[in-house]
Structure formats: C-alpha cells, structure tokens
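# Secondary and tertiary structure notes
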Amino acid sequence: MPARGAAHPMNLKTIIPRPLDPSSCTECVALFRAALTRAYFSRAHARRLGWRGVRPCGGPHSAWTLRVAGSNHVFGLRFDGEQIHNQKIHGCFSLYIFPQHAEDPLWERLPLEALRRGLSPQYAETVRDFARHETWAAPFGIGWLHMEAALDGSFFRVALEAMARWRVRALDGICTNNGQWVIPPGGKECDVPQYRLGLHLMGPLVQTYTEQLEQTPYIRVRHTSRQATAYTKEGSCADPELTEHCLLLTADFGADAAASAIFLADDAYAAPGATIPVQRKIAHLPKYSEDTTQDMPVLHILTGFLGSGKTTFLRAWLDYLNGRERYTGVIQNEFGQVALDATLLGTETCVEALDDGCVCCSLSDSLRSGIERLKAAMPTETLILETTGLANPQNILPDLRDLSDIINVGLVITVVDCGQVFRAPEDFATQGVLHDQVAGADVLLLNKTDIVPDNALLQAEACLKAINPRALLLRAQRGNVPYAALDAFFDEHSNSHLPSRRPCLEHMSVQTHATHSTKNYSSFALTQLPPLTRRGISALLTRAGNGLCRVKGIVHLTDGANGIARDAAAVVQYAGGQLQFEPAPKNNPDGDYLIFIGRDITPFTLG
Ligand SMILES: Nc1nc2c(ncn2[C@@H]2O[C@H](COP(=O)(O)OP(=O)(O)OP(=O)(O)O)[C@@H](O)[C@H]2O)c(=O)[nH]1
C-alpha cells in the first residue's frame, strides 16, 4: 500500500484520463464506473479487492446492484445527482440492501414493508431493477454514499452516511385483523444496523480508490444525534425515548486531505453535538487488510458413507456457488487409486485431488499444501473438502486446528443415503463410521429420498435425530437442497456453537481415532478394461464378494443403457446395491477402469 503523503501529487486522471467536466452533471458516475471497470480488468484482481459482482440496472437512473466479500446481501446503489460547491463536484448516491434468502436474519430487522415485498415471487427480479421502482425500494434504504472531487483533480473524497441503528417504534402497536399483535405497543417495527451494513461496501470501494489513486486516504468518522421517528395511528412523530446516531465516514485522498473541511459538515454534521473528527486506520474497514482471519477462506467438510451422494451434491452446490460468483476450491480425497470424482466435477472448478489414502487417517500434511495451491490459483472464499466415504469427521476436526493460520473451519456436512438408514438403522445406531459421520455433522443431508417410501423417510429422520438432534436436517434428491439454508445456518452459529464443535465429540475423537484398516476396508482397481456389457459388469461385481460396498469407474459399454448409446463410454456407479450408468465426460485421462471398495473383498485380475 502506498505510504501516506506519497511523493507524487494525486491526480484523478489516473481514474479518468481527462479534465473533469462540471457541465455533464454525471462526473461522479464516471468516477465510480471507471474505477470499477479498471478493477474488473482482471476478475481475480477485483475479487482480491473484495468485489463479488457488479451489475448495472436498467432505468433512467445510473444504478447498480453489487455484491461484496463478507456480506450475503445484494447492495443497490443509485445516483441521485451532483452539484458544484467551492470548485468541487459533490455527488450523492442512495444506498440499499436486499437480503438474498428467506432465512436471512436481516428480514427480522427490516421494516414490515420490506418483508412484504420480499414475499412476492417477483422479489429477485425487482431487486435487479430496483432503480426503476423508487417507492418499492425505499424500505431497503440504508443511507448514502457521497463523492467529492476537486475540479483540478487534486482532491477526492468518498463518504458513507448512515445511522448506527435505524429504529422506528410503533407506539400504538400493529395487530392483525383477528386482533393478534404483530408488534406490541411501543415495539420496534425495524432496527437496521445501517452503518455496519454499509461498511461492507465501503471496504472494497475505498480499497479500489486507494490502489488506483496510489494514495492512502485520510479516514475520519464523525457523528451527530437526533431524536428518532416513531409512528402512531395518526401518523409519524418524534420518538420521545429513542435517539438516532448518524455516522459519517469519510475517506479523503489528496495532498491536503488531512486539513480538508468536511463539505457535508455544512449541514447535519456541523450541528452542535457533533464529535471532533477521529482519525481511523483504513485497516478498520471490513475486508481491507489482506491478512486478517476474516479474509481466510472457509473450509467446509463434506462427509458421508461410500456412494451416499457426496459428489452428486457437490456438483449441484458448486453450480449454485459459481452462479453467484462465489468461487470455490475443492479438495477431493478418494479411497482408491484413480480420482473419478475430480474428473466428474469438470473444468470450471479448481480441484486438488489428494488420492493416496484417507484424509482422516494420513493426509493432514498434504492437506495444507493442497489448500495453499488452491489459494494461490484463485482468491477463493470457500473451500470444500470432500472426504472419502470412510472418513470420520471427528478425526479431521482436531487436525484442522493446525491449519487455522490459512483457513477458517466451516460446516461439517454429512450426506446420508436414506435407503441405507431404512435397510439397516442399527448400523447407524451402533458405534462405527456411519454413526460418527452422523454424530459429528452440523448439517445432515438425507439424500436419495426418491428410493424409499414416505413412511421410511420419517423413520430415517427419526433415526438421525436420535443420534444428532442439533444438526440441520435437510431432505435431498440428487443432492438438491435449498443451498441458501446452509449459508444461513453457518451465519447463525458462530464457530464455537456449531453442533460439530461440542467438546464431548472432540474428546471422544482423541481417545479413539478410528482407522479403516481395523475395519478391513480395502480397494483395488481393474485398469485397461476391454469393452463390457452391463451383464459383464454385474458379473465382475459378484466376483468381488459379499463385502463389496462401492464400485465406480469408466468403461466402454457395448450394449448401452438409459441415456447412453451402444458402444459409448459410460460412468459406472454401484452404491447401496444399485448399479447405475451415466454418460462419461469427454475428458477421461485415466482410460477405462473400475475401482472396487469394500470389506474383506478379494482382489482379482482379468486374465
Ligand atoms: N436414486 C438416486 N441416486 C442418487 C442420488 N444421489 C446420488 N445418486 C447416485 O448414487 C451414486 C453415488 O453417488 P456419488 O455422488 O458418486 O456418491 P459419493 O458419496 O460421492 O461416492 P464416494 O465418493 O465414492 O463415496 C451415483 O450413481 C449417483 O448417481 C439420489 O438422490 N437418488
């Protein structure tokens, strides 16, 4: 970061390579747009600055929806206009915040009107176009962004103006038609931490200007107070009990930034009671400093018995995350010599395959180097470790503490094949890897709900709840769940309150570190396979013996299958007693092979 008072004078030409034109009345828009465009010359670079997506809105106003690191919400920014004062252009933008999923706790704090709009099926569509609907967007407003630029290009300011808490009380209360209180008399209709929410956007914005202007800004925070507004049946009035604290954070760039008067002080902030300017370090802005723990990626652990549907869920979840520009790195650890799962994930995701054992038994060192390679390849905010079907999450968590300098540990998500719970609930109830995977989970995905009747589903749920009542339990088909619920669950629990962090579990894991060799699980691979029929494949499964749990691989299938032509490459999946085929990906670097995994299985070769 350039030092304060850098040798060369600041010039806005590093952002717009021409003199400012006060007659355009949209120079602040140009200063915002140009900075964002430059940041986005490289998407990876924009991510490092904290941007997670910017989209211009339609309509007569210049407006954008934006997403930034560290916030699950969508911000709306709408240009309101600009004026000239003391040889400086002063522009104002209205700032909005839109929650993204139904479980977001912010809904509870926003006005009832916002919640009503959020319930509409057109909500997401209208958010994308919020600037056309000023009245619609009003309940989501959280303050203003101001910009000030000297006409000679020697000074630039960006400022956030918002209330510490926007609280509005309903003095007479609000009740439904049948007389039930929605808000009791004197209760708060909204309580929005506007300033704290707005800071998430200020972080990347100030960092972007800092980099492009090659100047460290002078940061000040001032505040003023006034009586809050309340309302009664008759209309709005001053709240006799609540005081609002309005905060103004300014980041000033330029030679005389420290001495510069605050233009906004001309009105509210010059009022008696405003505090003396406080100088703050820029690192106090969220996401500014690169090496805080907040900037470390969150690593979620994905467990589940062999063939329960981990990779299927992972593929669907990655589609969801990538579609929201939440780039995710994946570390896959397979039991068996060939990494089919990495091949199935395709090319869009960065994947590190750790395929020489099970991570819970032997691989904590290579996990560190895998994470570091992923972090170097792409500034990811989320990492997912897909463990082998035999991994015990209770063994992994303590080891992950050694990685606390490079990752924050996220959720333990366990995928469970509900057919397996239905067939043998006792396997889950008694001590063993199936039990520990369920007991150690924060989220339980009861997958393959399509293969059991409804009453079996209820039984399976009861079985899992008895083992782990605190986990979030979601039903899934082909890994499809409301993915936003995972974010909401993680956001709600600070790390230490997650079910998987219960001290008794960790204690137990230290005492009994389960390994697979003790349970006689092993694997072998058949490679360079000749073309096979479905019946030929079934015969190979039988040869492996009764202990066979899982087979996967890619073969040249001569007689075709559902959705697969004759004489074509097919992915073979055998799990939970079901043999399934799917079209093989074009890229198959390992040739034709089958991996067999099970208990006391007998390896054989094709002679
Ligand atoms: N019927 C049904 N099959 C499913 C569902 N989810 C996954 N499968 C199938 O189950 C088989 C195993 O799925 P995977 O996602 O590879 O399971 P996994 O847990 O990653 O397997 P391992 O990593 O080998 O332990 C595949 O044939 C999937 O198509 C589901 O909801 N219903």
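Data block above holds the structure.
Treat the numbers as computed from the prediction; the structure is a model and nothing was measured.

This part takes up the overall build of the protein. If you tally the helices and strands in the protein, you get 19 helices and 25 strands. Within the protein, the fraction of its 607 residues that count as buried is 54%. Restricting to contacts in the protein with at least 6 residues of sequence separation, those with at least 24 account for 70%. For the protein, the exposed area adds up to about 26700 Å²; of that, 51% sits on carbon and sulfur atoms.

Right, let's talk about the environment of Thr-380 for a bit. Tracing the sequence through the fold places Thr-380 in the loop between α11 (364-377) and β17 (382-386). Taking relative accessible area as the criterion, Thr-380 reaches 9% and is therefore assigned buried. Considered as a pair, Thr-380 and Ala-44 are 336 residues apart in the sequence and their alpha carbons are 9.3 Å apart. For Thr-380, the residues in contact, after removing those within four places along its chain, are Pro-297, Tyr-327, Thr-328 and Gly-329.

Around the ligand sit 20 residues, and of these Thr-311, Thr-312, Arg-478, Arg-550 and Lys-552 come closest. Residue Ser-308 places a main-chain N or O atom 3.2 Å away from an oxygen atom belonging to the ligand. Here an oxygen atom of the ligand sits 3.1 Å away from a polar atom, N or O, in the side chain of Lys-448. In isolation the ligand has 650 Å² of accessible area, and contact with the protein removes 96% of it.

Moving on, we come to the pattern of salt bridges. According to the stated counting rule, one finds 21 salt bridges in the structure shown. Between Arg-78 and Asp-80 there is a salt bridge, with the nearest N and O atoms lying 2.8 Å from each other. Residue Glu-241 is joined to Arg-169 by a salt bridge in which the shortest nitrogen-to-oxygen separation is 3.6 Å. A residue pair is termed long-range when its members are at least 10 positions apart, and Glu-241 in strand β12 (residues 235-254) and Arg-169 in strand β7 (residues 166-170) qualify at 72 residues. We classify Glu-241 as exposed; its relative accessible area is 62%.

For Thr-414, the location among the structural elements is in strand β18 (residues 408-417). For Thr-414, the residues in contact, after removing those within four places along its chain, are Thr-303, Gly-304, Gln-437, Val-438, Ala-441, Val-443, Leu-444 and Leu-445.

Another point: the sheet that holds strand β24 (residues 578-583). Taken in spatial order, the 5 strands line up as β21-β25-β22-β23-β24 in an open sheet, and their pairing is antiparallel. Edge positions in the sheet fall to β21 (521-527) and β24, since each has one partner strand and no second. With direction set aside, neighbouring strand axes in the sheet form an average angle of 15°. In this structure, β21 lies alongside strand β25 (residues 593-599), joined through 7 bridges in antiparallel fashion. Bridge pairing in β25 links Leu-526 to Leu-594.

On inspection of all chains with the given rule, the structure shows 23 aromatic pairs. Where Phe-32 meets Phe-93, the ring centres are 6.1 Å apart and the plane angle is 50°; that geometry is what we call tilted. Of this pair, Phe-32 sits in helix α1 (residues 27-39) while Phe-93 sits in strand β4 (residues 88-98), and the two are 61 residues apart along the sequence. Judged by its relative accessible area of 1%, Phe-93 falls in the buried class. For the ring pair Tyr-96 and Phe-98, a centre distance of 6.3 Å and an interplane angle of 10° mean the geometry is stacked. Relative accessible area serves as the criterion here: at 6%, Tyr-96 is assigned to the buried category. Residue Phe-98 is classed as buried on the basis of its relative accessible area of 0%.

Right, let's talk about a nonpolar patch on the surface for a bit. A contiguous nonpolar surface patch, about 340 Å² in accessible area, is contributed by Leu-112, Leu-115, Leu-119 and Val-182. In this structure, Leu-112 sits in helix α4 (residues 112-118).

Let us now look at the nonpolar core. Ranked by internal contacts, the top residues of the largest apolar core, which has 72 residues, are Phe-32, Trp-51, Phe-98, Phe-156 and Tyr-209. Setting aside residues no more than four positions away along its own chain, Phe-32 makes contact with Trp-64, Leu-66, Leu-77, Phe-93, Met-147, Leu-205 and Tyr-209. Counting residues in hydrophobic clusters, the runner-up holds 29 residues, among them Phe-305, Val-421, Cys-463 and Tyr-593.

Let us look at the pairing of β7. Most of β7 sits out of view: 5 of its 5 residues are buried. Burial along β7 is two-sided: Trp-166, Val-168 and Ala-170 facing one way and Arg-167 and Arg-169 facing the other are all buried. Bridge count between β7 and strand β10 (residues 187-192): 5 bridges; the pairing is antiparallel. Counted as the bridge partner of Val-168 is Cys-190 from β10. By the bridge criterion, 2 bridges tie β7 to strand β11 (residues 218-232) in an arrangement that is parallel. The residue bridging Ala-170 from the neighbouring strand is Tyr-231, located in β11.

Residues spaced three or four apart along an α-helix point in a common direction, a consequence of the helix completing one turn every 3.6 residues. Counted at 1.5 Å a residue, the expected span for helix α16 (residues 454-467) with its 14 residues is 20 Å, and the 21 Å between its end C-alpha atoms agrees. For α16, the full list of buried residues reads Ala-456, Leu-457, Ala-460, Glu-461, Cys-463, Leu-464 and Ile-467. Seen end-on, α16 carries its buried residues on one side only, within an arc spanning 160°. Exposed residues pointing more than 90 degrees away from the buried face of α16 are listed as Asp-454, Leu-458 and Ala-466. If you follow the buried residues of α16, they end up packed against β18, α13 (418-423), α14 (425-429), α15 (433-439), β19 (443-447) and β20 (472-475).

Quick notes on the rules
- Residues numbered from 1 in each chain as written.
- Predicted model: local features only at pLDDT ≥ 70, side-chain atom pairs only at ≥ 80, totals over all residues.
- Heavy atoms only, no water.
- Helix = DSSP H or I, 4+ residues; strand = E, 2+ residues; numbered from the N terminus.
- Buried < 20%, exposed > 50% of the residue type's maximum accessible area, 1.4 Å probe, protein only.
- Contact = heavy atoms within 4.5 Å.
- Areas by Shrake-Rupley, 256 points an atom, 1.4 Å probe, with all protein chains shown as cover.
- Near = heavy atom within 4 Å.
- Polar contact = N/O pair within 3.5 Å; in protein donor to acceptor, adjacent residues only side chain to side chain.
- Salt bridge = Lys/Arg side-chain N within 4 Å of Asp/Glu carboxyl O.
- Pairing = 2+ DSSP bridges.
- Axes fitted to C-alpha atoms, helices over the stretch in contact; angles between N-to-C directions.
- Phe/Tyr/Trp six-rings, centres within 6.5 Å; stacked < 30°, edge-to-face > 60°.
- Patch = residues over 30% accessible without salt bridge, like charges linked within 9 Å, V, L, I, M, F, W, Y side chains within 5 Å.
- Core = buried A, V, L, I, M, F, W, Y, C linked by side-chain atoms within 4.5 Å.
- Expected span 1.5 Å × (residues − 1).
- Arc of directions from axis to C-beta.

All we've got here are geometric facts, nothing functional implied.
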